[in-house]
Amino acid sequence: MVATVLDDIYDTHGLLDELKTMTEGVRRWDSSLVDDLPNDIKISFQFFFNTANELAVQVVKKQGRDMTAILKNSWQRYVEAYMQEAEWIATGCVPTSDEYIRNGISSSGMGIVNLFPLLLLGQLLPNNVLEQIYSPSKMQELSELTVRLIDDLKDFEDEKEHGETASLIECYMKENPDSTVENALNHITGILHLSLQQLNREFLKEDSVPLCCKKFTFNTARCLQFIFRYGDGLSVSNKDVKDQIFKILVDQVPIEE
């Protein structure tokens, strides 16, 4: 929920100067920096700030140690990636593919989506174990890349209509002027398939990470792959997405006696 609120502000509602102030507020972890911003942004930022602090308290209770630094760094990494995208949009800049991917894995939100649940699952994660499943682990990087590619493949037309000039499709076509949209989509689909293969290997690899944690990271990427299967299933939930959610969370499974 918090990540979605930030996504909407940076994508749609905030002006560039307002976003810069918000980003600085996250860097300094100081909510007073947004006091002079419009009320809707101020309320949204305060919601983010309060929720992030509440989550940090819960993490301390579960992990038995202060993890404030890594939590703040995860939020900072996320909003700085969004800030970069906002600057690209404001200037009409189309970055290189490498620049876009480096930034895009951070703005995918998987760092946030993974970290807090991992720390709240009830499994103690010493730093040496956390580094194998979270940053700078290969599994985390691949899950972020996978979600970024899936999002771009299914959402780039809508985002282009909204003025977002930076997507991996646009970056590829700028670097390859003779290519078509179909060429770009095929190229990026190939990268996605390779990323998924590598993610499978990382999941199956033997290491000291608790299986429940590896399953969470792996299944989160799988879940988002399904949600974006026919488009942006987060913004516009179609019948297939709703049916699957009901089957998993609502409908009872008949058991024959």
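Please read these numbers as outputs of a predicted model, since none were measured by experiment. (Residues numbered from 1 in each chain as written. Predicted model: local features only at pLDDT ≥ 70, side-chain atom pairs only at ≥ 80, totals over all residues. Heavy atoms only, no water.)

Chemist: Would you take a moment to explain a nonpolar patch on the surface for this structure?
Modeler: Residues I245, F246, I248, L249 and V250 make up a contiguous nonpolar surface patch of about 540 Å² in total accessible area. Residue placement: I248 occurs in helix 12 (residues 239-249). (Patch = residues over 30% accessible without salt bridge, like charges linked within 9 Å, V, L, I, M, F, W, Y side chains within 5 Å. Areas by Shrake-Rupley, 256 points an atom, 1.4 Å probe, with all protein chains shown as cover. Salt bridge = Lys/Arg side-chain N within 4 Å of Asp/Glu carboxyl O. Helix = DSSP H or I, 4+ residues; strand = E, 2+ residues; numbered from the N terminus.)

Chemist: Quick question: what am I supposed to make of the pattern of salt bridges here?
Modeler: Opposite charge on two side chains permits them to pair, given that their charged atoms come into close proximity. This structure, assessed with the given rule, holds eight salt bridges. The partner of R148 in a salt bridge is D151, with the nearest N and O atoms 3.0 Å apart. One end of the pair, R148, and the other, D151, are both in helix 8 (residues 138-161), three residues apart, so they sit about a helical turn from each other. Relative accessible area serves as the criterion here: at 7%, R148 is assigned to the buried category. D151 sits in the buried class, given a relative accessible area of 14%. (Buried < 20%, exposed > 50% of the residue type's maximum accessible area, 1.4 Å probe, protein only.)

Chemist: Quick question: what am I supposed to make of the state of the cysteines here?
Modeler: Disulfide: a covalent bond formed between the sulfur atoms of two cysteine residues. Applying the stated rule across the entire model yields zero disulfides. Cysteine C93 remains unbridged, with the sulfur of C171 as its closest cysteine sulfur at 8.4 Å. For C93, a relative accessible area of 30% gives the class partly exposed. With no disulfide partner, C212 has as its closest neighbouring cysteine sulfur the one in C213, 4.0 Å distant. (Disulfide = S-S within 2.5 Å.)

Chemist: Just to check I follow, could you spell out the nonpolar core for this structure?
Modeler: Buried together is how nonpolar side chains tend to be arranged in soluble globular proteins. Grouped together as the largest cluster of nonpolar side chains are 45 residues, with contacts concentrated most on M22, F48, W75, L119 and L130. Excluding anything up to four places from it in sequence, L119 contacts V59, K62, Q63, M67, L71, L125 and L130. Among the nonpolar cores identified, the runner-up in size contains 22 residues, and V147, I150, A184 and L196 belong to it. (Core = buried A, V, L, I, M, F, W, Y, C linked by side-chain atoms within 4.5 Å. Contact = heavy atoms within 4.5 Å.)

From the geometry alone we can't say anything about function, so treat these as descriptive.
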